[in-house]
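Observations on the model geometry
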Amino acid sequence: MLEIKNLHASIQGKEILKGVDLKVSAGQVHAIMGPNGSGKSTLAQVIAGRDTFDVTSGDILYKGKSILEMAPEERACEGIFLAFQYPVEIPGVRNSYFLKSALNAKRKYNGEDEIDAMEFLALIKDKIELLEIKKSFIERPVNDGFSGGEKKRNEVLQMAVLEPTLAVLDETDSGLDIDALKIVANGVNALRGPGRAIVVVTHYQRLLNYIVPDVVHVLLDGRIVKTGDRDLALELEDKGYAEVQKQAAKG
Amino acid sequence: MADKETYISKFAELETKLSETAPSWVHDIRKSAIDRFAEQGFPTTKNEQWRFTRVRPLLRHDFEPVLEYEQDGLPARKLDELCIEDTGCRRVTFVNGHFAADLSDLGKLPKGVRIESLQKALQTDPERVQRHLSKYADTGNNPFVALNTAHLIDGTFIYLPKDTRVKEPIHLLHVTRSNAKPILSHPRILIVAEANTRASIVESYIGFDADTYFTNPVTEITVMDRAEIDHCKLQKESAAAYHMGTVQVHLGRDSRFKTDFISIGGTLVRNDVNAVLDDEGIECSVNGLYLANGHQHIDNHTLIEHAKPHCTSNELFKGILSDRAKAVFNGRIHVHPDAQKTDARQTNRCILLSDDAQINTNPQLEIYADDVKCTHGAAVGQIDENAVFYLRSRGIEKSAARQMLIEAFAAEVLEGIKINPVRERLTMDIIDWFTKARGAGKAD
């Protein structure tokens, strides 16, 4: 599903990713853990196509094809979704209008008919219930004045509506209390399936109690230094990143 | 070069003809106005109120006044296309400054209500017109008001007797068709809303293609106790048109007045809106939206005079500029010593879509009372690239994402417009405008 090969990326000349290798198969959930500044968010944004980062070498393959030349919207329509660490507030654009536009953009790209307002409302009804979102929520301007938890829920709602094949969740747990965390995790788990891959980027292992990963990677200073199973996350929590760093340094 | 002297001598040439069009007291007003014009001349950028707006380009043309209505077979439907779909409105149409009965449709009016051409009102209701005409707009303070007053021939008179209400929007449509020679018109609008009346009034100005002409309108509105007037000035002149307009508003006790100034067309545009809050309990909103591209220059000057206590005023102006367009926003709020408990707010926000677009924004607060709440804010920025990426990451194309953000930016003003045909049409106009701006490859 996703294959990242020796990826180097920099921002304003400063190299952040220094040769990332990662392979995620369909049906899997991978967690990428790492301390602040290790390049986790950069990796997530580069996958989504943020052009403030320059990919200097390496490649990202999605379904076997390089996506580096694809615009962010094209990647989205192909089924890649990034849940933002800091969802952007857009006053003046209604959440429902935004969601419907996004969904129709994707449908149009895939040669499907656009859906109208009535069909759209029917479609999101279940998703709203799953995420325990109030109906009024979708008529508010996108993320405008939302609490941290509401913003994250809105990300997962978008994901639920767009049904991506590859979802990258960037620190989706930050700023969530335990109840909200469970709800968000439910939303993510509902999307798990044989045809999909999910990459969870997180600082803490807490979220992984609810979204249980198949593979855990440790990202340090722009490189993946360790890969393991679920227990790696617990080990990290126990010993901290410093220990892994030491081991990595030893090789 | 047509300077002050050209305009004065042209007035002298026309004077005999002009004097035949109205009672002698009107002509006295004209004569005194041309004197006020002669004293002031055209403004230069040394004049504080004209610091950022040069009127020189206007003076390069030799505009011809039009003294009579010439019917030229404009179809009403074509006007809808250019302006707003105004079925269900009461429409008064002016062509080149003259009332066009054939393009107007007033319907049956409530008893006592007058909506008619000013020329007609001078015959049917001269005392009332005399009581109000040129009593609000100051010819001594703005040479363009003086020029309008000196040349006033026709326009609209709206009179709402006490306790009346006109439900349908009243659309005052001003069409200019200059054909071969650049022409000049001075539409004059007088609106008298007596106590406890309600009406919505849209003044629109349209032109064709790249016709060169000069529209110099003046509107005087008096809103008496407890009356509610919703007003909109929609400026969609041709791309080569000059538009210098003043709307002067006088507000009575517990009255409500709202206006939306929309500017899309014209090459050089100056809007002055002055409101005097002359009694207690008044609510006044002055909003605006201006879109400019190419070499357009759009200047909005507002003056809110809080003369009495316990009044509220709100101002929200938003602009979107592309190419080498320039805009000016000058918002003056004057709180008189008497006007305690004034609540005045003002915001001007502008998006620049190109590096060469320019905005001069200037709030001017003059506060002579001590127990008041006055706030002002100005912000100039570009389209938020984080928001563009966010939308794109959801599958929305870059151009559509930018358009969505532009619409969202304008929405705050648009959603406040209660006159439906205006709001509906503007939503489309903004999309058209942005598509064209993008087509020129400069907004993207």
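In case you missed it, the structure is sitting above this.
My aim in this report is to walk through the structure given alongside it, one point at a time. It should be emphasised that the depicted structure is a prediction, and the values quoted were computed from it without experimental measurement.

**Structural notes on the overall build of chain A**
When helices and strands are tallied, chain A shows eight helices and 12 strands. Along the first, second and third principal axes, the C-alpha set of chain A runs to 60 × 40 × 35 Å. Summarising the internal contacts of chain A: among those between residues at least 6 apart in sequence, 68% fall at separations of at least 24. Accessible area for chain A stands at about 11100 Å²; split by element, carbon and sulfur atoms hold 48% of it.

**Concerning a negative patch on the surface**
Residue and element names in this part refer to chain A. Together, E112, D113, E114, D116 and E119 make up a negatively charged patch on the protein surface. Topologically, E119 is positioned in helix α4 (residues 117-130). By relative accessible area, which is 44% here, E119 ends up partly exposed.

**A word on the sheet that holds strand β9 (residues 198-207) of chain B**
Residues and elements named next belong to chain B. The sheet built from 10 strands is open, its strands ordered β3-β2-β6-β9-β12-β14-β16-β18-β20-β22 with mixed pairing. If you trace the sheet from one side to the other, it starts and ends with β3 (98-99) and β22 (373-381), each paired once. Bridge count between strand β2 (residues 90-95) and β3: two bridges; the pairing is antiparallel. Bridge assignment links V95 to a residue of β3, and that residue is H98.

**Section: a positive patch on the surface**
Together, R54, R56, R60 and K326 of chain B make up a positively charged patch on the protein surface. Mapping R60 of chain B onto the fold places it in the loop between α3 (56-59) and β1 (64-65).

**Topic: the pattern of salt bridges**
All names here are of chain B. What the rule picks out here adds up to 41 salt bridges over all chains. Across the pair D62 and K10 runs a salt bridge, and its minimum N-O distance is 2.9 Å. Of this pair, D62 sits in the loop between α3 and β1 while K10 sits in helix α1 (residues 4-19); the two residues are 52 residues apart in sequence, bridging distant segments of the chain. The partly exposed category is assigned to D62, whose relative accessible area is 48%. Ionic pairing is found between R402 and E385, a salt bridge with its closest N-O pair at 3.5 Å.

Thresholds applied
Residues numbered from 1 in each chain as written. Chains lettered and ligands numbered in written order. Predicted model: local features only at pLDDT ≥ 70, side-chain atom pairs only at ≥ 80, totals over all residues. Heavy atoms only, no water. Helix = DSSP H or I, 4+ residues; strand = E, 2+ residues; numbered from the N terminus. Contact = heavy atoms within 4.5 Å. Areas by Shrake-Rupley, 256 points an atom, 1.4 Å probe, with all protein chains shown as cover. Patch = residues over 30% accessible without salt bridge, like charges linked within 9 Å, V, L, I, M, F, W, Y side chains within 5 Å. Salt bridge = Lys/Arg side-chain N within 4 Å of Asp/Glu carboxyl O. Lys, Arg positive; Asp, Glu negative; His and termini not counted. Charge placed at Lys NZ, Arg CZ, Asp CG, Glu CD. Buried < 20%, exposed > 50% of the residue type's maximum accessible area, 1.4 Å probe, protein only. Pairing = 2+ DSSP bridges.

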